[in-house]
There are 2 protein chains.
Amino acid sequence: MSAKKTSLKDIAQRAGVSMALVSYVLNGKEKESRVGQEIAGKIKQIAEELHYQPNHLAKSLRSGKTHTIGLIIADISNPFFANIARVVEDEAKRNGYTVIIGSSDENAEKSRDLLNVLINRQVDGFIIVSSEDSAEQVRDLQEKNIPFVLLDRYFPDIQTDFVSTDHYKAAFNAGAHLVKNGYRRIGMIAYDSQLFHMQERIRGYVEALTGNNVPFQKHWLKQIRISTIEQGVKAAIDEMLAMEQPIDSIVFATYSLAISGLKYINELRLNVPTDLAIVSFGQAEAFDLYYCPITYVKQPIGLLGKTAVEFLMKKLKHPQAEPSQILMDAELIIRDSSKTKQLVHT
Amino acid sequence: MSAKKTSLKDIAQRAGVSMALVSYVLNGKEKESRVGQEIAGKIKQIAEELHYQPNHLAKSLRSGKTHTIGLIIADISNPFFANIARVVEDEAKRNGYTVIIGSSDENAEKSRDLLNVLINRQVDGFIIVSSEDSAEQVRDLQEKNIPFVLLDRYFPDIQTDFVSTDHYKAAFNAGAHLVKNGYRRIGMIAYDSQLFHMQERIRGYVEALTGNNVPFQKHWLKQIRISTIEQGVKAAIDEMLAMEQPIDSIVFATYSLAISGLKYINELRLNVPTDLAIVSFGQAEAFDLYYCPITYVKQPIGLLGKTAVEFLMKKLKHPQAEPSQILMDAELIIRDSSKTKQLVHT
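Residues numbered from 1 in each chain as written. Chains lettered and ligands numbered in written order. Predicted model: local features only at pLDDT ≥ 70, side-chain atom pairs only at ≥ 80, totals over all residues. Heavy atoms only, no water.

Before going further, it helps to spend a moment on the sheet that holds strand 10 (residues 295–298) of chain A. Residues and elements named next belong to chain A. Taken together, six strands build an open sheet; the order of strands is 7-6-8-9-10-12 and the sheet is mixed. On the outer flanks of this sheet lie strand 7 (221–224) and strand 12 (331–333), each paired with one strand and no other. Neighbouring strand axes in the sheet, compared pairwise and without regard to direction, differ in orientation by 20 degrees on average. Summarising the sheet, strand 8 (residues 249–252) and strand 9 (residues 277–280) pair through four bridges and their orientation is parallel. Each bridged residue has a counterpart across the sheet, and for Ile250 the counterpart in strand 9 is Ile278. Strand contacts of helix 9 (residues 196–210): strand 6 (186–191) and strand 7, with the helix running at about 170 degrees to strand 6, the strand carrying the most contacts. (Pairing = 2+ DSSP bridges. Helix = DSSP H or I, 4+ residues; strand = E, 2+ residues; numbered from the N terminus. Axes fitted to C-alpha atoms, helices over the stretch in contact; angles between N-to-C directions. Contact = heavy atoms within 4.5 Å.)

What follows is the structure in C-alpha cells.
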C-alpha cells in the first residue's frame, strides 16, 4: 500500500511500552506474559485508533500456511474457464481456502509473471490451466517443491497431479456421432497449438473418421492461430466450402472458434444443419439460444473443479505422495445442429 | 508454501559467512560493502543450488510498492465482468502492473474476505465492482487510506473515485426506444437490490415511460432475487403474460436475467419480437446468435476498464488528490428484437 501502515513500534511509542509487550498483547498472549489488564486495554485501544492491521503475512511465513490458492486460468473471457473458476472458488471456500485468480491470456510470459507474483504472495499452492510453451514453468514449480495441480490441460511427459477431460475420447465421440448421422465430409477447425489437449482433440477427430470408414482428408483439418481467430476461421470455412466436394459438417475444437464460425455461417446465410452440420467443444448460453441449438461436448465442469481442489488439498497434506491423475469423460449433448442427414433432406 | 524455503541463514551457513554478507551480495550491494569477488560468486552459486527465492514481499514492504492491483469483480461467470477484467489486465500491464483477481459472487462477506486476503498480500490498490451491502467495506478502505477505484457501481453518498456507465440514461434510452417503436405495455425484469446502479436502471426505465406519455404501471416492474434467478424470471414472465392486458415488450436489467428470460420465452414458443419485444443490458455472443438478434445496451467496456486503471494510477501517485469521477454513456445497439411494431404486424 502506498499509505504508511501503523507498526508495532508506533503503538509502543504512543503507549510508552516496549514493542515486545505490544506484540504479546496484540497476539493474544497477555496472560502468558502477565501483562496488566489496564495496560493491555490501553494498547488495544491505541491499535484501534491508529487502524493497526496485524501483518498476517509475517504470521503465515512462520506457520507456512496462508490458506490461499492461486488459480491460473488460460483466458478469463472464455466462459468455460470463468465457470470452472467459480466451482474452484466454491469448493476452496468449503475447505477454508480463498482463491486468487490470474488470467494468462494463453500467453506463457504472462503466465510466468503471474506465477511469480503469486508465489511471492505466499499462496499455499496452485491450480493451473497451462498455456502454450509453459512446460518449463511446470518443471520449475516441481523443482521448487511448490504444490500444484494441472487442470484441463497437462503434459504427458511430465509427471504431475492433473485433472482433465479425456479430450481424445470426447473428440472421437463427436466425430463418430456425425458419421453415424450420415455425414461423410467432416471438417475440423482447431488451433495451431502444440498443447496436448488440442493434439488429443485432433487425434480423436481423425480416428473417428478412419475408424468408421470415412477416409480422412488432410485438407478437411484447418488449424488456426489463436492470435487471429476471426480471419482464420473465415478463411478456413471459405476453403472448406470452395472444395470440389465441399464439407458437410464441422467439428469446432473450442468455444471461441465456434462463436466466430457461427457468426460467419450466419453472415453467409448458410443453414444449420442442412448446409452445414455443427458439433462443438465448449459450452455456453450462445449454443442454447442459437436458432438451431448446437450439439456440444459437455465437459464435467463441476467435477473437474471439485476434484482439482481435492487433489490440491491432498498434495498440501502429503507433498511427497504419488501424483493423483484423472481423466474424466465428457458427455456429447446431441441437439438439432447435427440432426440425421436423411431427416434433414425430407 | 508448504515446502520449506531456503533462507539467507541456510546460505550463510553453507557458505560459512554472515547473513549480512549474504544479504549484501544477493541484493546487489557487494561493491558498497567491498565483498571479495570470489566469496560473492560462491554465495550466488549456493543461492542458485538451493533454489533461493528472494523475498520480494519483504522488499515491497520497505519500498511500499508491489506493482500489483487487486481487482474484485462481482461475478466471474458474467461475461461483462470477465471481459472488463481482461481490459483491466491489459491496461495494467501497459503500466507495469500485474492484476490479481477475486470474484465476490455478489456476496458482501466473500468480498470482505477477498479484500482482506489481498490487503495482506500487499497490493498497491484496488479496482472494485461492489456487491450488495458492501458500503461499509468501502468506508473501511478509505479509513485505512488504501487506494481504490470503484468500477461500474458506486455509492452516491460516499465520496470515492469511480468509473461507471450512466445507468439511468442507458435505461431511459432503452425504454424510450421501445415507446418510439410503438410498444405501449413495457415491462422490466430487474434485481431486487439496493445497489445504486440497479436503482438507476429502474428509475431510467420508469421515467422513459412517464416522460413519453406511457403511464407506468407498478405491476409491469418485476424485481427478482439474485439467488433464485431462474424461478424468479419464469414467474415474472408468467405474470406479465397473464395480465388482462399482457405486456408487449420487456427490458431485462442484466445479462443473466435476459439469458434466463430468453430460454423461457423459447420454451413457451413465443416469437421475438412479434409476441414480445426485447431490449437487454449486458452484452454477449448469445445476443448475436439468437434467432432474432437482441437489441442491447452496450456499455463502453474498453473505456471503463482503461479509465479505472488510469484513475488508480493517479490515485497511487497523488493519494490526497480530489476523487476522480466519471459517468460514461452507453450505446443502444438496435437490432431485430425491438423492431417497430407496425412493421412486425404487416
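The transformation that overlays chain A on chain B combines an axial shift of 0.1 Å with a rotation of 180 degrees, and the residual RMSD is 0.1 Å. Here the symmetry operator amounts to a two-fold rotation axis. Closest approach to the rotation axis within chain A is made by the C-alpha atom of Ala286(A), at a distance of 1.9 Å. Looking at the interface residues of chain A, 100% of them are also at the interface in chain B, so both copies use one shared face. (Least-squares fit on C-alpha atoms with pLDDT ≥ 70 in both.)

Residues and elements named next belong to chain B. Ordered in space as 7-6-8-9-10-12, the six strands form an open sheet in which the pairing is mixed. Only two strands of the sheet have a single partner each, and these edge strands are strand 7 (221–224) and strand 12 (331–333). Each strand axis lies, on average, 20 degrees off the axis of its neighbour in the sheet, ignoring direction. Here strand 10 (residues 295–298) pairs with strand 12 via three bridges, running antiparallel.

In this section: the confidence of the model for chain A. In low-pLDDT regions, the fine details of the predicted coordinates are not to be read closely. Confidence along chain A averages 89 in pLDDT terms, with 91% of residues attaining 70 or more. Confidence drops under pLDDT 50 across residues 56–62 of chain A; counting only partners more than four residues distant or on other chains, this segment forms nine contacts. (pLDDT = per-residue confidence, 0-100.)

Looking at the element boundaries, Lys234(A) is found in helix 10 (residues 229–242). Considering only alpha carbons, one finds Lys234(A) and Ala15(A), 219 residues apart in sequence, at a separation of 72 Å.

Right, let's get into the packing of helix 6 (residues 108–120) of chain A against helix 7 (residues 135–143) of chain A. Residue and element names in this part refer to chain A. One can describe the packing of helix 6 onto helix 7 by two numbers: an axis separation of 10 Å at closest approach and a directional angle of 20 degrees. In terms of their interaxial angle, helix 6 and helix 7 are classed as roughly parallel. Classified by chirality, the crossing of helix 7 by helix 6 is right-handed. Residues Ala108, Ser111, Arg112, Leu115 and Ile119 of helix 6 pack against Glu136, Gln137, Asp140 and Leu141 of helix 7. (Parallel < 35°, antiparallel > 145°, perpendicular 65-115°, else oblique. Left-handed = near helix turned anticlockwise from the far one by under 90°.)

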